[in-house]
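The residues making up each chain are set out below.
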Amino acid sequence: MPTAIVVHGGCGRVEENSLAERRAGVRQAAERGWEILRAGGSALDAAEAAVVVLEDLPLFNAGRGSALTRDGRIEMDAAIMDGATRRAGAVACVSRVANPIRLARRVMEASPHVMLCAAGAEEFAAQQGIPACDWRDLVVAERRSQWEREHGTVGAVALDAGGGLAAATSTGGTSGKLPGRIGDTPIIGAGTYADRATAVSCTGTGESILRMTLARLAALWRERLGDAQAAAERALAELAAEVGGEAGLILVDRDGRLAIAHNTPHMPVCAIHAGGIEVRS
Ligand code: ASP
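## Things to note about empty space enclosed by the protein
Next, step 1: In this structure the tally under the stated criterion is 2 cavities of 30 Å³ or more.
Next, step 2: By volume, the largest cavity amounts to about 60 Å³.
Next, step 3: Around the largest cavity, the lining is made up of 13 residues, and of these Gly152, Thr153, Thr171, Gly173 and Gly204 lie nearest the centre.

Structure follows, in structure tokens:
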């Protein structure tokens, strides 16, 4: 069985001089996930671990280094989905958790729900033994001066040796967003989606991605066209034609075929499979 992992670091506008560091970050995350797959681990574990690496790197807009809301706070969204079982977990508007993707996984595995938000999600985190953090510790100085410009997200899709697919996505959301705003990332089918055939993680203008349910759309096109890259491009073209907006996505299918597509200048991506490793900006 083929195994593969693809990781993205968001399609937002970033300083050109940060690209090398972003490439190194997505590579580090993909290598972490790949180690898990090579050791026989699940796509779910690999995707989660890759996203944790990027949540911890301050350069990326997720976990530490998240974008700030209009009133200068941090509110993060994350989701994870297991393609084989269609189980999913998501959190929205959480401020007091350093790794929202881990909490999303706990929601999937230890609650009867798919999504928890804000104070309720943080209470659940405490019950699950996930330590609370102060959101101020997640603010990176550089990020404060970038309120206006930047958005981004991190995500991973993986295929394991048992044919299992998973998708995981985590974000600080868009810079200057209204408090309480929830983007596409934690919405299953919009920013994150996996089934038995395809796993997808998206980035970009959440308000556009939500209205197109972009991740599910890309999975549907993959099923219809039988071609991963054509499906990703088709879904993005539909988004541009129907609602406009900037977006990018990564996709892996059950045959180990990968797709990477974005309509912005940059989207750092690292893909690893039996054939080798590919890193892009
Ligand atoms: N999609 C994310 C959101 O709207 C942000 C991004 O990927 O740039 O929250």
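## Description of the side chain of Ser201
Next, step 1: Secondary-structure assignment places Ser201 in strand β8 (residues 198–204).
Next, step 2: The class for Ser201 is buried, based on a relative accessible area of 0%.
Next, step 3: Side chain to side chain, Ser201 and His8 meet in a polar contact 3.0 Å long.
Next, step 4: Among the polar contacts listed, one links the side chain of Ser201 to the side chain of Thr169, at a separation of 2.9 Å.
Next, step 5: Ignoring sequence-local partners within four residues, the contact set of Ser201 consists of His8, Gly155, Ala156, Val157, Ala168, Thr169, Gly191, Gly248, Leu249 and Ile250.

## Considering the environment of Ala237
Next, step 1: By the element assignment, Ala237 lies in helix α8 (residues 228–242).
Next, step 2: On the basis of relative accessible area, Ala237 is assigned to the partly exposed category, the value being 45%.

## Here's the deal with the side chain of Glu75
Next, step 1: Following the sequence through the fold, Glu75 ends up in the loop between α2 (43–56) and β2 (76–82).
Next, step 2: As a buried residue without a salt bridge, Glu75 has its nearest oppositely charged side chain in Lys177, at a separation of 5.0 Å.
Next, step 3: Once you skip the residues sitting within four places of it in the chain, Glu75 turns out to touch Thr69, Cys93, Val94, Ser95, Gly172, Lys177, Leu178, Pro179, Gly180 and Arg181.

## A look at helix α3 (residues 100–110)
Next, step 1: The set of residues buried in α3 consists of Pro100, Ile101, Leu103, Ala104, Arg105, Val107 and Met108.
Next, step 2: Tucked inside the fold, the buried residues of α3 contact α2, β2, β3 (87–94), β4 (115–117), α4 (118–127) and β6 (165–171).

## As for the packing of α2 against α3
Next, step 1: Closest axis-to-axis distance for the α2/α3 pair is 8 Å, and the angle between their directions is 150°. Here α2 is positioned roughly antiparallel relative to α3, judged by the angle of their axes. Counted together, Leu44, Asp45, Glu48, Val51, Val52 and Glu55 of α2 and Pro100, Ile101, Arg102, Arg105, Met108 and Glu109 of α3 form the full contact between these two elements.

## Description of the packing of α3 against α4
Next, step 1: For the pair α3 and α4, interaxial distance at closest approach is 10 Å and the crossing angle is 75°. Considered as vectors, α3 and α4 are oriented roughly perpendicular to each other. Residue-level contacts link Leu103, Arg106, Val107 and Ala110 of α3 to Ala121, Phe124 and Ala125 of α4.
Next, step 2: Within the contact of α3 with α4, the residues separate by chemical class into 6 nonpolar, no polar and 1 charged.

## Observations concerning α4
Next, step 1: If you check which residues of α4 are buried, you get Ala121, Glu122, Phe124 and Ala125. The arc that holds the buried residues of α4, viewed along the axis, is 155°, so those residues lie on one side. In α4, the exposed positions angled more than 90 degrees off the buried face are occupied by Ala119, Glu123, Ala126 and Gln127.
Next, step 2: At its buried positions, α4 is contacted by β3, α3 and β4.
Next, step 3: Taken from the residues just after α4, Gly129 is the one with a positive phi, measuring 80°.

## Focus on the sheet that holds strand β11 (residues 269–273)
Next, step 1: Strands sit in the order β4-β3-β2-β6-β5-β1-β11-β12 across an open sheet of 8 strands; the sheet is mixed. At either margin of the open sheet sits one strand with a lone partner, and together these are β4 and β12 (276–280). Sheet twist, expressed as the average angle between the axes of neighbouring strands with direction ignored, equals 5°.
Next, step 2: Of the strands in this sheet, β1 (4–8), β5 (154–159), β11 and β12 are in contact with helix α1 (residues 19–38), which crosses β1 at around 155°.
Next, step 3: Against the sheet, α2 touches β1, β2, β3, β5 and β6, its axis set at about 160° to β5.

## Brief notes about the state of the cysteines
Each disulfide consists of one covalent bond between the sulfur atoms belonging to two cysteines.
Next, step 1: Enumeration according to the criterion identifies 0 disulfides in this entry.
Next, step 2: Left without a disulfide partner, Cys133 is nearest to the cysteine sulfur of Cys93, which lies 15 Å away.

## Examining the environment of Glu207
Next, step 1: Here Glu207 is to be found in helix α6 (residues 206–212).
Next, step 2: Between the alpha carbons of Glu207 and Val53 there is a distance of 26 Å; along the sequence they are 154 residues apart.
Next, step 3: Among the polar contacts listed, one links the side chain of Glu207 to the side chain of Arg181, at a separation of 2.9 Å.

## Brief notes about the sheet that holds β8
Next, step 1: In spatial order, the strands read β7-β8-β9-β10; together these 4 strands make up an open sheet with antiparallel pairing. Bordering the open sheet on either side are β7 (192–194) and β10 (258–262), each of which pairs with just one other strand. Shown here is a sheet whose adjacent strand axes are inclined to one another by a mean of 10°, direction ignored.
Next, step 2: Set on the sheet, helix α7 (residues 214–225) makes contact with β7, β8 and β9 (247–253); between it and β8 the angle comes to about 140°.
Next, step 3: Across the sheet, α8 lies against β9 and β10, angled at about 25° from β10, the strand it touches most.

Definitions and limits used
Residues numbered from 1 in each chain as written. Predicted model: local features only at pLDDT ≥ 70, side-chain atom pairs only at ≥ 80, totals over all residues. Heavy atoms only, no water. 1 Å grid on protein atoms, 1.4 Å probe; cavity = no way out; pocket = protein on both sides within 12 Å on 5 of 7 lines; lining within 4 Å. Points joined across faces, edges and corners; volume = space filled by probe spheres on them. Helix = DSSP H or I, 4+ residues; strand = E, 2+ residues; numbered from the N terminus. Buried < 20%, exposed > 50% of the residue type's maximum accessible area, 1.4 Å probe, protein only. Polar contact = N/O pair within 3.5 Å; in protein donor to acceptor, adjacent residues only side chain to side chain. Contact = heavy atoms within 4.5 Å. Lys, Arg positive; Asp, Glu negative; His and termini not counted. Salt bridge = Lys/Arg side-chain N within 4 Å of Asp/Glu carboxyl O. Axes fitted to C-alpha atoms, helices over the stretch in contact; angles between N-to-C directions. Parallel < 35°, antiparallel > 145°, perpendicular 65-115°, else oblique. Nonpolar A, V, L, I, M, F, W, Y, C, P; charged D, E, K, R; others polar. Arc of directions from axis to C-beta. Pairing = 2+ DSSP bridges. Disulfide = S-S within 2.5 Å.

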